[in-house]
Amino acid sequence: MTKEPKLPPEEDLAEELRQDLENLVEGELAVEELTANKMAFLRAWLKDDLHRAAEYLRGLGGELKTTEERAGELFLNAADPTETAWPKLMRCIKAGEPWALAGETVGAGEELQCLGCGYRALPPENAQITPCHRCGYGVFRQITGGLER
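On a predicted model such as this, the values are computed, not experimentally measured, just so you know. (Residues numbered from 1 in each chain as written. Predicted model: local features only at pLDDT ≥ 70, side-chain atom pairs only at ≥ 80, totals over all residues. Heavy atoms only, no water.)

**Q** Give me the overall build of the protein: which residues, what numbers.
**A** Within the protein, the secondary structure is distributed over two helices and four strands. Taken from the N to the C terminus, the helices and strands of the protein come in the order α-α-β-β-β-β. Counting the 149 residues in the protein, one finds 16% classified as buried. Looking at the protein alone, contacts between residues at least 24 apart form 56% of all its contacts between residues at least 6 apart. For the protein, the exposed surface amounts to about 12,100 Å²; the carbon and sulfur share of it is 59%. (Helix = DSSP H or I, 4+ residues; strand = E, 2+ residues; numbered from the N terminus. Buried < 20%, exposed > 50% of the residue type's maximum accessible area, 1.4 Å probe, protein only. Contact = heavy atoms within 4.5 Å. Areas by Shrake-Rupley, 256 points an atom, 1.4 Å probe, with all protein chains shown as cover.)

**Q** Which residues make up the pattern of salt bridges, and what are the values?
**A** Per the counting criterion, the structure on display carries five salt bridges. Ionic pairing is found between Glu15 and Arg18, a salt bridge with its closest N-O pair at 2.7 Å. Placement of the pair is Glu15 and Arg18 together in helix H1 (residues 10-78), with a separation of three residues, close to one helical turn. The shortest N-O distance in the salt bridge between Arg120 and Glu111 comes to 2.8 Å. The class for Arg120 is partly exposed, based on a relative accessible area of 34%. For Glu111, a relative accessible area of 0% translates into the label buried. (Salt bridge = Lys/Arg side-chain N within 4 Å of Asp/Glu carboxyl O.)

**Q** Residues and numbers for unusual backbone geometry, please.
**A** Its identity is not glycine, yet Asn126 carries a phi of approximately 65 degrees, on the positive side. Along the polypeptide, Asn126 turns up in the loop between strand E3 (120-121) and strand E4 (139-144).

**Q** Report on the pairing of strand E2 (residues 110-114), specifying residues and quantitative values.
**A** Burial analysis of E2 places five of its five residues in the buried class, which makes it a mostly covered element. Pairing analysis gives two bridges linking E2 to E3, with the strands arranged antiparallel. The residue bridging Leu112 from the neighbouring strand is Ala121, located in E3. In this structure, the hairpin formed by E2 and E3 is closed by a connection of five residues, where Gly118 is found at a positive phi of approximately 90 degrees. (Pairing = 2+ DSSP bridges.)

**Q** Break down the confidence of the model for the protein for me, citing the residues and quoting the values.
**A** Low pLDDT marks regions whose predicted coordinates should not be analysed in detail. Summing up the model confidence of the protein, the mean pLDDT is 78 and the portion of residues at 70 or higher is 80%. When the elements of the protein are averaged for pLDDT, helix H2 (residues 81-95) gives the smallest value, 73, and E3 the largest, 90. (pLDDT = per-residue confidence, 0-100.)

**Q** Pulling in residues and values, what's your account of the nonpolar core?
**A** Ranked by size, the top nonpolar core spans 12 residues in total: Leu89, Cys92, Ala100, Val106, Leu112, Cys114, Leu115, Ile129, Cys132, Tyr137, Val139 and Phe140. Of all the secondary-structure elements, those providing two or more residues to this core are H2, E2 and E4. Not counting residues within four places of it along the chain, the set of residues in contact with Val106 comprises Leu112, Pro123, Pro124, Glu125, Asn126, Ala127 and Ile129. (Core = buried A, V, L, I, M, F, W, Y, C linked by side-chain atoms within 4.5 Å.)

**Q** Got a sec to walk through the side chain of Glu111? Specific residues and values, please.
**A** Inspection of the secondary structure puts Glu111 in strand E2. A polar contact is formed between the side chain of Glu111 and the side chain of Arg120, at a distance of 2.8 Å. (Polar contact = N/O pair within 3.5 Å; in protein donor to acceptor, adjacent residues only side chain to side chain.)

**Q** Outline the state of the cysteines, listing residues and values.
**A** Under the defined criterion, the tally for this structure stands at zero disulfides. In this model Cys117 remains outside any disulfide bridge; the closest cysteine sulfur is found in Cys132, 3.6 Å from its own. Classification of Cys117 as partly exposed rests on a relative accessible area of 27%. (Disulfide = S-S within 2.5 Å.)

**Q** So what about a nonpolar patch on the surface? Which residues, and what values?
**A** A cluster of nonpolar residues, Met39, Phe41, Leu42, Trp45 and Leu46, forms a patch on the protein surface that exposes about 530 Å² of accessible area. Owing to a relative accessible area of 40%, Met39 belongs among the partly exposed residues under this scheme. (Patch = residues over 30% accessible without salt bridge, like charges linked within 9 Å, V, L, I, M, F, W, Y side chains within 5 Å.)

**Q** Report on the environment of Gly107, specifying residues and quantitative values.
**A** Residue placement: Gly107 occurs in the loop between strand E1 (99-101) and E2. The spacing of Gly107 and Asn126 is 19 residues in sequence and 5.9 Å in space, taken between C-alpha atoms.

Below, the structure is given as structure tokens:
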């Protein structure tokens, strides 16, 4: 024989269910309010964090560029200019661009760009080309028209 659970009278049961339902609705509203407050706080925190991260990355970008430029200069200073300039000279020759060697004479309005380090100079007309003042390399790209280019 199994015993059936004793239930409260019907009017008490309805009142108890109504009370439980009200408690559940109140609890759900409290959770929704708490969740909305937490979401607003989280949204503000993330917005602030994103702003700070963007500022940090902007600053870091400048530092990385400076570091990259310094490293490039160190490598170029350590490299033999003839090794770094040779491909540039070959491009000038293949493209039919004018180039000059130390010891040649400069034409009128001719700017020279060192193929070793990129240094640009505008020597006086009919002057003898000397090796680059920066790296000592003696091969230059001739730029007609001077500094405008």
